[in-house]
Amino acid sequence: MADLAVVFRTRSEVEANVVRGLLRTHGIAAVQSPPAGRAVPGLLRDEAGEVRVSVPPELARTAARVIAEVRSEASRAMPLREALGALEAALGYRFTDRGLLEQALTHRSRAHEDPSGEVVDNERLEFLGDAVLGLVVADRLVREFPERDEGWTSKVKAKLVSAPTLARLGEQVGLGDHLLLGRGEEKTGGRRKQSLIADTFEAVVAAIYLDGGLAAAAAFLDAFLSEALDGLRANGVAAEAPADWKSTLQEWLQARGRPLPDYRLTAEEGPDHRKTFTVDVTVDGGVPARGAGRSKKEAEQKAARQALADLRSAAEDSGADRAISRSR
């Protein structure tokens, strides 16, 4: 017993086994708790039920560092109850089984690095979500545009379910901030990868479908695809992804030597699972515009779109007034 150093304490034999597996992947031999009634040097079960994981003294500092690093990364990446609640508010859907949402956020890199083998990645959900998404979009297109032929419908559907569109929708609710990634994927910027965000969005669609049924998944998608469908009704053209109105407004102002816009959250209403955010945007202290949405990002985008429309209208009116003045 004196030849071993305790590096981890727990009341769960399962957790002790996970820690032992973790240390083993780093080349550190550790002793874990045996079944009840068996004694193994290096592990003690005290009267309170505590299990202690021990390693050779010369490896104790390295083992403690490995455990601390994994705990730190897990605390940053694994969404706590509050973080999942915030994501549910942005999605506009509250899960009965939050485990489905957690699985939808879990990338295979995270599952591969888990020594217990109990973490399930989101690839199966991604497969299912792709099918649900395709069904809902096809249903909406066929119902709302009965006069269009199969060729047009197929092309529009392909754009609406494309990776750029899904990545943009995922960014609107901050999916990148909630991804559960392995250490390697985290270090290579996985949270900003469009493909990962698009795949996760599909997995979230599947999680909502499994949790609440097709009606819940359809309602969720209707809310996010409403802008694209509005564009189809008005112009018959489907954008590959919702417009980035904030960037467009900024570029428009910079091209004219004007200062950048200022965004301010002015209201936050409703229950946690269905909040509505209101944002005001001003330019040069004037031209106030307002947008509301289920997330701050969505509200900012809508405010920016309104501000840009107002600015362009004012610029056109000013140009027309100058033209009339010159003709006189």
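Undergrad: Honestly, the overall build of the protein in this entry has me stumped. Any pointers?
TA: In terms of helices and strands, the protein carries 14 helices and five strands. Relative to its full complement of 328 residues, the protein shows a buried share of 41%. If you take every contact in the protein between residues at least 6 apart in sequence, the share linking residues at least 24 apart comes to 58%. Approximately 17,800 Å² of the protein is accessible, and the part contributed by carbon and sulfur atoms is 50%.

Undergrad: What is the right way to look at the confidence of the model for the protein in this model?
TA: In regions of low pLDDT, the predicted coordinates are not meant to be interpreted in detail. When pLDDT is averaged along the protein, the result is 79; 79% of the residues meet or exceed 70. Between the elements of the protein, mean pLDDT differs from a low of 72, seen in helix α14 (residues 296–327), to a high of 93, seen in helix α11 (residues 194–212). Throughout residues 34–48 the model reports pLDDT below 50, and contacts reaching past four residues in sequence, or to other chains, amount to 29 contacts. The low-confidence segment residues 75–80, where pLDDT is below 50, has eleven contacts with residues more than four positions distant or belonging to other chains.

Undergrad: Quick question: what am I supposed to make of the environment of R61 here?
TA: Counting through the fold element by element, R61 comes out in helix α2 (residues 57–77). For R61, a relative accessible area of 76% translates into the label exposed. Distance in space between the C-alpha atoms of R61 and V7 is 8.4 Å, their sequence separation being 54 residues.

Conventions we followed
Every chain is numbered independently, its residues counted from 1 as its sequence is written. pLDDT decides what is reported in this predicted model: residues at 70 or higher carry local features, side-chain atom pairs at 80 or more are listed and counted, and totals for whole chains, interfaces and linings draw on all residues regardless. Excluded from the side-chain calculations are hydrogens and water; all other atoms, namely the structure's heavy atoms, are used. Secondary structure elements follow DSSP: runs of H or I no shorter than four residues count as helices, runs of E no shorter than two count as strands, and numbering proceeds from the N terminus. Exposed residues in this analysis have more than 50% of their type's maximum accessible area, buried residues have under 20%, and partly exposed residues fall in between, with area computed by a 1.4 Å probe over protein chains only. Here, two residues are considered to be in contact whenever any of their heavy atoms come within 4.5 Å of each other. Note on areas: Shrake-Rupley with a 1.4 Å probe; residue coverage comes only from the protein chains shown. Each residue carries a pLDDT score, the predictor's own confidence in it, on a scale running from 0 to 100.

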